[in-house]
Amino acid sequence: MTPMMHLLLLPLLCSIVAGKDLEEKKGAFENTALDVPEDTPVPYPMHQFQVAHPGVNSFRLSGEGKEDIKISKDGWLYLEKPLDWSQDDHYTIMVEALADDEVVEGPVYVTINVLDVNNNAPFFNQSVYTAAVRENHPAGVPFIRVFASDHDDPETPNARLSYSLVSQIPNKPPTPLFHIDPDTGEISTTEAGTQQLKAREGIRYGRGEDQSIDALRTKFNDYCPVQKIPFDENPFFTCVERAEIRRRNVDPLEDPDYTLTVRVQDLGGASQTALSGNTRVQIVVQQNLWVNPGPITVREHLKETYPVVIAKVESNDPDAVYVLMQKEREQKFPFQITPDGEIHLTEELDREDKDMYILVVFALDIGDKQVESPMEIQVLVEDVNDNAPVCVHQESVFEVQEGEPGGSLVGLLLARDDDQAGTLNSQLTYAIVSQDPLNSANVFSIDAASGRIQVLRPLQRRDQQTFNLNVRVNDAGFSTECKVVVKIIDINNELPLFEENNYGGHTLSEDTPVGHTVVTIRASDADDPDSGSSLIEFTITAGDDEGIFTVETDGKGVGHLVVVKPLDFESSASYRLQIDARNPEPLVKGLEYGSESTASVSVSLTDVDEAPEFSLDILDVTVPEDTTKGSVLLTVQAKDPEGKEISFKMDGDTRGWLTIDAATGEIKTKDKLDREIQETFEVTVTAFEKDNPVKLSERVVHVRLLDVNDNVPKLMETQAFICVRKPQPVIIKAQDADSSPFSQPFTFAFAHGKKSPNWELKSIDATAAKLTLRKAPTEDKTFILPINIKDNAGMGITQSFEVRVCNCTELGYCYIAPEERALGYGIGPTIGIIGGTVGFCIIAFIIVIKRANKRNKKTTLAEGEERAFM
């Protein structure tokens, strides 16, 4: 279609466009930007320019895309060819308005933005991918990635790609063994794939082992040693040979184990109109050589030439280096590993010392990086029968009552064997080998499996009081004899009898101490002494529900009624106790305990004037430090056991912050509290009887003050200097007397809230900031900087920080000119200098006079000596 035909069709096309749309496409003759979707049908009116000059009769275009974009004489800008975003995403065109080929308006510039539409299907960079995955590959760990592209705008959903698996062949059972990440295209195994993926059956070879046909024949002979048919004629060998060759030379393209169909969709795969592409992934499953050989069983005390090979491991990386470690980190570790993965045992093991070892094998590359996950191998020590049975007690003593019927239990003989439990090595059998005294018939029997001893018939104490047995205990290879003593004890056919059935009344003061003996009671039993039948136990069976008393006894018939809990007259003023005497052994059939085995004791209490008692043993109070004056902190509660009127007082308030109401026990504030002065303190509250103040009780009240934000951060130093030649930042530190959360971290800022062109203030930690000089002044100068410091709660004030910027000496201090120092002396320093000078002169004068006198004395002494000599 020619441009002339476009111009002829353009008015018709414009008339088809709705009036509203047409009006929206009109505009003044000025710079403008237009958005046009690619592949828009042509001719397509984009914009009509409205010009003010009445003589305009044509327009001229220049710039990018003028071959595809045209303009009519009446100012309509239109497309002559569809735009393609992949070729160019925008065009810039210059438009001039002409009157008889003379520019009368413009130029103006039009930017046409090409909008991408979803007209490109995504495609993979390969039509077929190949991959290999090991057996037991960890689920979720990628082993291959597919990649697709889309020529649409990558900033739009048109090029947002999503990957999915369409099919898995074979799919029996119908369980997904693989998973693809919808965003990245990474393919990994599922949990089911980790468990179910199996490589083709084949012969396993060790590292460096010969894998030739001859080696295969050797392995075949090892498995089938009786074969006499030549290998070439043996159908079993030829089958194995073909399978092995096929496994070694498997081609994923020709003979994959699994084929996955992968789809990629644009628009994120979330639209029915999304475009798609497909590819195939051919997967071969390889043998996982990194297989745990455990658990390994090794017999204890194995007689071999050490070291002994007990297992072998092999990494999937042929260059892996093996490291063997023990998990328990014990001193003894009789194992080592060779470079080819053989695990050696270096000495005999003893199951009784340790029955299991856990070995940890690492496979590393030359950079000590793990190429396999660590392997834990259990080594179980197999038991051998190397321990004899042992009697738990050197002599086992049992008692049996006379007259007990045959089959009654005497006792259970205890023995042990240190060999492994649950094996024949530790299974014990019991047999009675001798009995003293010897009778015509055996008196006892023992269960061979359990060691349970029973009587065979009733025994009488008058016939024999003690029997001694020797019992042999056997395991599969050893035996031991255990000694057993059986005592025949008297039958309990006598009742314990109290000497008195009523031990009368006893009066106790209620402040009687715990442990006091109220009365001693006695009872006797006519059964055989030192037997369970004659042992007497005393029990309070009535009158003491609160357990105030108990009876202490040695079992020989003497008991002491003792106070075991504090007495309280107000709770119970009297007790009538019933005490029973009983034997631990049951009475013979037909005999019952009666009143003769019961006694009574009456106890009366006398009242004592007791001190008041507090309702609580621990008194703690926690209050904010800004608690208002007169507030009640705590009401101390106490009462007198006898109901007498009490009063309260308080001691230990060294700050004078508190007061107590003597009548009610109310503790109030009487002054301002301050946590920064004292955070915790204690006061002692005394409750006493008004009429008898010596009857008193004390309790300590612990008071803790909670912090409130009543302090602002303050500068620790308010002055500093900076050397002009080598300016170093000044560290500004602040402190706050409050505690968290009303203290640090602090915020530092200039008070005006704006950045300074000459200074920079930056926090460096919770309590400090760094002040840096950005622009040095032309002369020494002192700056007063207003710095606002706020605490963690936002509370703070503006503080002045003085910084002198100066020239410094070599020692790093501000230099002061001599004239400044001379002019700087005041009256005080001047007087000091004059006084020091005068003092120095006086001291020098005194020293000169003393030296002169000393020389005169020496001269006189010498003259005297000369005269004496002459």
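Digging into the packing of aromatic side chains
The tally for this structure, following the rule as stated, stands at 14 aromatic pairs. Here the aromatic cluster, defined as three or more aromatic residues joined through ring pairs, consists of Phe29, Phe49 and Phe59. Across from the ring centre of Tyr593, 4.3 Å away, lies the NZ or CZ of Arg582, which sits over that ring.

What to know about the pattern of salt bridges
Scanning the entire structure with this criterion turns up 15 salt bridges. In this structure, Glu96 and Arg60 form a salt bridge, with 2.9 Å as the shortest nitrogen-oxygen distance. Pair noted here: Glu96 is in strand 7 (residues 90-99) and Arg60 is in strand 4 (residues 58-63), with a separation of 36 residues, a long-range link. Across the pair Arg675 and Glu679 runs a salt bridge whose closest N-O atoms are separated by 3.7 Å. Linked through salt bridges whose partners overlap, the residues forming this network are Arg351, Glu352 and Asp383.

Re the confidence of the model for the chain
Looking at the chain as a whole, its pLDDT mean stands at 84, while 85% of the residues score no less than 70. The model gives residues 1-20 a pLDDT under 50, and that stretch makes 20 contacts with residues more than four places away or in other chains. Under a pLDDT of 50 for its full length, residues 819-830 has, in the predicted model, two contacts with residues more than four places off or in other chains.

Notes on the sheet that holds strand 7
An order of 2-8-7-4 is seen for the four strands of this open sheet, with the pairing classed as mixed. Of all strands in the sheet, those bounded by a partner on one side alone are strand 2 (32-37) and strand 4. If you compare each strand with its neighbour and ignore which way they point, the axes differ by 30° on average. With six bridges joining them, strand 4 and strand 7 adopt antiparallel strand pairing. In the sheet register, Arg60 faces strand 7, and the bridge partner there is Glu96.

Examining the sheet that holds strand 20 (residues 321-326)
Read from one edge to the other, the open sheet built from four strands follows the order 18-24-23-20, with strand pairing classed as mixed. Two strands lie at the open edges of the sheet, namely strand 18 (296-299) and strand 20, each paired on one side alone. Averaged over all neighbouring strand pairs, the angle between strand axes comes to 30°, with direction disregarded. Pairing between strand 20 and strand 23 (residues 356-364): six bridges, direction antiparallel. When the sheet's bridge partners are listed, Leu324 is paired in strand 23 with Val361.

As for a nonpolar patch on the surface
A cluster of nonpolar residues, Val392, Leu412 and Leu414, forms a patch on the protein surface that exposes about 240 Å² of accessible area. Within the secondary structure layout, Val392 lies in the loop between strand 25 (390-391) and strand 26 (395-401). Using a relative accessible area of 40% as the deciding quantity, one classes Val392 as partly exposed.

A closer look at the nonpolar core
Taken as a class, soluble globular proteins show a tendency for nonpolar side chains to be buried jointly. Within the largest apolar cluster, 24 residues are counted, with the highest numbers of intra-cluster contacts made by Val146, Phe178, Ile187 and Val281. Elements with a contribution of two residues or more to this core: strand 10 (128-134), strand 14 (178-180), strand 16 (258-265) and strand 17 (276-286). Broken down by element, this core gets its largest block of residues, four residues, from strand 16.

Some words on the environment of Ser188
Take Ser188: it is sitting in strand 15 (residues 186-189). For Ser188, a relative accessible area of 5% puts it in the buried group. When the C-alpha atoms of Ser188 and Phe143 are compared, they prove to be 5.8 Å apart, with 45 residues separating the residues in sequence. Not counting the four nearest positions on each side in its chain, Ser188 is found in contact with Gly140, Val141, Pro142, Phe143, Leu177, Phe178 and His179.

Conventions adopted
Residues numbered from 1 in each chain as written. Predicted model: local features only at pLDDT ≥ 70, side-chain atom pairs only at ≥ 80, totals over all residues. Heavy atoms only, no water. Phe/Tyr/Trp six-rings, centres within 6.5 Å; stacked < 30°, edge-to-face > 60°. Lys NZ or Arg CZ within 6 Å of the ring centre and 35° of its normal. Salt bridge = Lys/Arg side-chain N within 4 Å of Asp/Glu carboxyl O. Helix = DSSP H or I, 4+ residues; strand = E, 2+ residues; numbered from the N terminus. pLDDT = per-residue confidence, 0-100. Contact = heavy atoms within 4.5 Å. Pairing = 2+ DSSP bridges. Axes fitted to C-alpha atoms, helices over the stretch in contact; angles between N-to-C directions. Patch = residues over 30% accessible without salt bridge, like charges linked within 9 Å, V, L, I, M, F, W, Y side chains within 5 Å. Areas by Shrake-Rupley, 256 points an atom, 1.4 Å probe, with all protein chains shown as cover. Buried < 20%, exposed > 50% of the residue type's maximum accessible area, 1.4 Å probe, protein only. Core = buried A, V, L, I, M, F, W, Y, C linked by side-chain atoms within 4.5 Å.

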